[in-house]
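Okay, here's what each chain looks like letter by letter:
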Amino acid sequence: MKHYTHLIAGNAVDGTSGRFAPIYNPSTGQQSAEVPLANVSEVEQAIAAAEAAFPSWSGTSVLQRARIMTRFTALLYKHQPELAELVSREHGKVIEDAMGSVLRGIEVAEFACGIPHLQKGEFSDNVASGIDIYSMRKPLGVVAGITPFNFPAMIPLWMASMAIITGNTVVLKPSEKDPGCPMRMAELFLEAGGPAGVFNIVNGDKEAVDCLLNDSRIKAVSFVGSTPIARYVYETATKNGKRCQAMGGAKNHMLILPDADLDGVANALMGAAYGSAGERCMAISVGVCVGDEVADRLIELLTPRVKALKIGTSLDKGLEMGPLVTAEHRAKVMNYIQMGVDEGADLIVDGRDFKLAGHEDGYFLGGSLFDNVKKDMRSYKEEIFGPVLQLMRVQNFEEGMALATDHEYGNGTSIFTRSGAAARTYADRVEVGMVGINVPIPVPLAFHSFGGWKASSFGDHNQFGMEAVRFYTKVKTVTARWPESTIEADFSIPTLK
Ligand code: NAD
């Protein structure tokens, strides 16, 4: 069994709290590792290491930082299969999907390599005679990242690459369910020539998070996870005067108009609802069918395919779905399926009885498909985060758009149609942060930015892209003159002539 450590100031540091969390292989249900849960003194040690590294790192030339990030990116590519295997083993997503998720993280590191251009300030020449104004984007200091279980490569890279490249030093607290991949990536950063103390990892749970939220040396907190914790993190961090972005849960609707290519819609729904066993914040969990004909035809197309999903252990090739992350999470998803039945929705395919021969202790669940889900049902209002697709029937476009707009969550949504006008109206008016037009999972690329609306995101700035440059830097503005004659006293507010 593997014993994880923390990674502080470039060194593997054993946990001293005496508290550990088990890590399981979701395909077998066997414990594969244990991870230490940090106490206050261990978190403080990591913060101190990051604080000590900050003056030198923030003073390192932007080109030198970019070169280290370029070497780090190259190492991430080289180790992509190893990182993906770590993701698959601890998270349970199938290996091809894990490879893709690592790539989506590397893309952010790649974007970060362009920082000499991205972090340029602004300059106004001769705003008054002989006076110039210029502004700079300065790093904040020590920043914290707190990440969820479902993307153990991608989300730590969203935060760490952008925070580090802008000149900050980082304490990352990964999910205690799958810390293997972030630990390995922090080692690769050192191998790339990243100075010790710039990228630290403390493993832990609420105790570590609370310490990060309350320590005055932490200047900003980036969080991704469930909405109740995101709200708590945002409120606590901002109360303590920190900059904070906290991304939460989701319930993503796909609006399907009668003119859509329904074979294409069925294909899109299969991947978007059941890929990664539905454990994606951008998974489509609700299909909104405009008209009964659309719904009836989709049920006909989806039912045999959901029943025939290729499910297996995460390292086997050519599969569509692996197990869920833990036994508790599987039980939670099963409870939501029962809730949907009890609330009166029609369970067309029930994935609860699925068993993988030879892997009866794995956390497997088949795909489930509901029809006639109604907006007052609790199983609709809440995030399930599993391989469950809920179909709803509406009469028209406006009624369908209102569902996504009125829902508490507003992470992603998509519309499938052949009508440009309908798609444009939807993209313009729906109250959701990321919209796909005939694209089921609209996750923007690294040079745009990622973020939902409403209860899916608290704070002002999105993840990655220029939004991350803004989040991880503060603006300093200088007004300068180099006078050739003596400056005269002036008792009124300076107005520049
Ligand atoms: P989670 O909220 O349980 O945990 C996220 C992080 O918070 C972990 O590091 C965990 O250790 C920590 N944490 C847990 N309980 C805490 C507490 N009481 N106090 C302080 N810290 C605590 O989320 P999860 O189950 O790991 O991840 C799944 C959730 O993340 C889903 O809701 C999913 O939608 C969401 N998610 C959102 C996005 C997004 O960008 N909006 C992306 C990925 C995942």
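Everything below is about the structure shown above.
On a predicted model such as this, the values are computed, not experimentally measured, just so you know.

Draft legend 1. Region of the structure containing the site of the ligand. Lining the immediate environment of the ligand, one finds 27 residues, of which Thr147, Glu176, Ser226, Gly248 and Glu383 sit closest. Taking serine 226, its side chain carries an N or O atom lying 2.6 Å from an oxygen atom of the ligand. Relative to its unbound accessible surface of 840 Å², the ligand loses 88% to contact with the protein. Listing elements by their share of the shell around the ligand, those giving two or more residues are α8 (206-214) and β11 (218-224). Partitioning the shell around the ligand into residue classes produces 14 nonpolar, nine polar and four charged. Both domains that furnish three or more residues to the shell around the ligand are identified here as domain 1 (2-248 + 456-478) and domain 2 (252-437).

Draft legend 2. Structural detail: the sheet that holds strand β7 (residues 131-139). Across the sheet, which stays open at both edges, the three strands sit in the order β6-β7-β23 with antiparallel pairing between neighbours. Sheet topology places β6 (122-128) and β23 (473-481) at the edges, where each strand pairs with a single neighbour. Within this sheet the neighbouring strands show an average axis-to-axis angle of 25°, counted without direction. Of the pairings in the sheet, the one linking β7 to β23 comprises nine bridges and is antiparallel in character. Paired with serine 135 across the strands is threonine 477, a residue of β23.

Draft legend 3. Representation of the packing of aromatic side chains within the structure. As enumerated under the stated definition, the model contains 13 aromatic pairs in all. With a centroid separation of 6.4 Å and 80° between ring planes, the pair formed by tyrosine 24 and tyrosine 363 is classed as edge-to-face. Of this pair, tyrosine 24 sits in strand β4 (residues 20-25) while tyrosine 363 sits in the loop between β15 (346-349) and β16 (368-371), and the two are 339 residues apart along the sequence. Taking the centre distance of 4.7 Å and the plane angle of 40° together, the rings of tryptophan 158 and phenylalanine 450 count as tilted. Here the residue tryptophan 158 occupies a position in helix α6 (residues 154-165), and phenylalanine 450 occupies one in the loop between β20 (434-437) and β21 (453-454), the gap between them amounting to 292 residues. Look at tryptophan 158 and you get buried, because its relative accessible area is 2%.

Draft legend 4. Here's a closer look at the sheet that holds strand β13 (residues 252-256). The seven strands are arranged β15-β16-β17-β14-β13-β19-β20 in an open sheet whose pairing can be described as mixed. Looking along the sheet, the strands with just one partner apiece sit at the ends: β15 and β20. Averaged over all pairs of adjacent strands, the angle between their axes in this sheet comes to 20°, without regard to strand direction. As defined by bridge partners, β16 adjoins strand β17 (residues 388-394) across three bridges and the pair is classed as parallel. Across the sheet, the residue bridging to leucine 369 is leucine 389, located in β17. Packing against the sheet, helix α12 (residues 327-342) makes contact with β15, β16 and β17, and its axis sits at approximately 25° to β16.

Rules and cut-offs
Residues numbered from 1 in each chain as written. Predicted model: local features only at pLDDT ≥ 70, side-chain atom pairs only at ≥ 80, totals over all residues. Heavy atoms only, no water. Near = heavy atom within 4 Å. Polar contact = N/O pair within 3.5 Å; in protein donor to acceptor, adjacent residues only side chain to side chain. Areas by Shrake-Rupley, 256 points an atom, 1.4 Å probe, with all protein chains shown as cover. Helix = DSSP H or I, 4+ residues; strand = E, 2+ residues; numbered from the N terminus. Nonpolar A, V, L, I, M, F, W, Y, C, P; charged D, E, K, R; others polar. Domains from an automatic or database assignment. Pairing = 2+ DSSP bridges. Axes fitted to C-alpha atoms, helices over the stretch in contact; angles between N-to-C directions. Phe/Tyr/Trp six-rings, centres within 6.5 Å; stacked < 30°, edge-to-face > 60°. Buried < 20%, exposed > 50% of the residue type's maximum accessible area, 1.4 Å probe, protein only. Contact = heavy atoms within 4.5 Å.

Bear in mind that shape data such as this cannot, by itself, settle questions of function.
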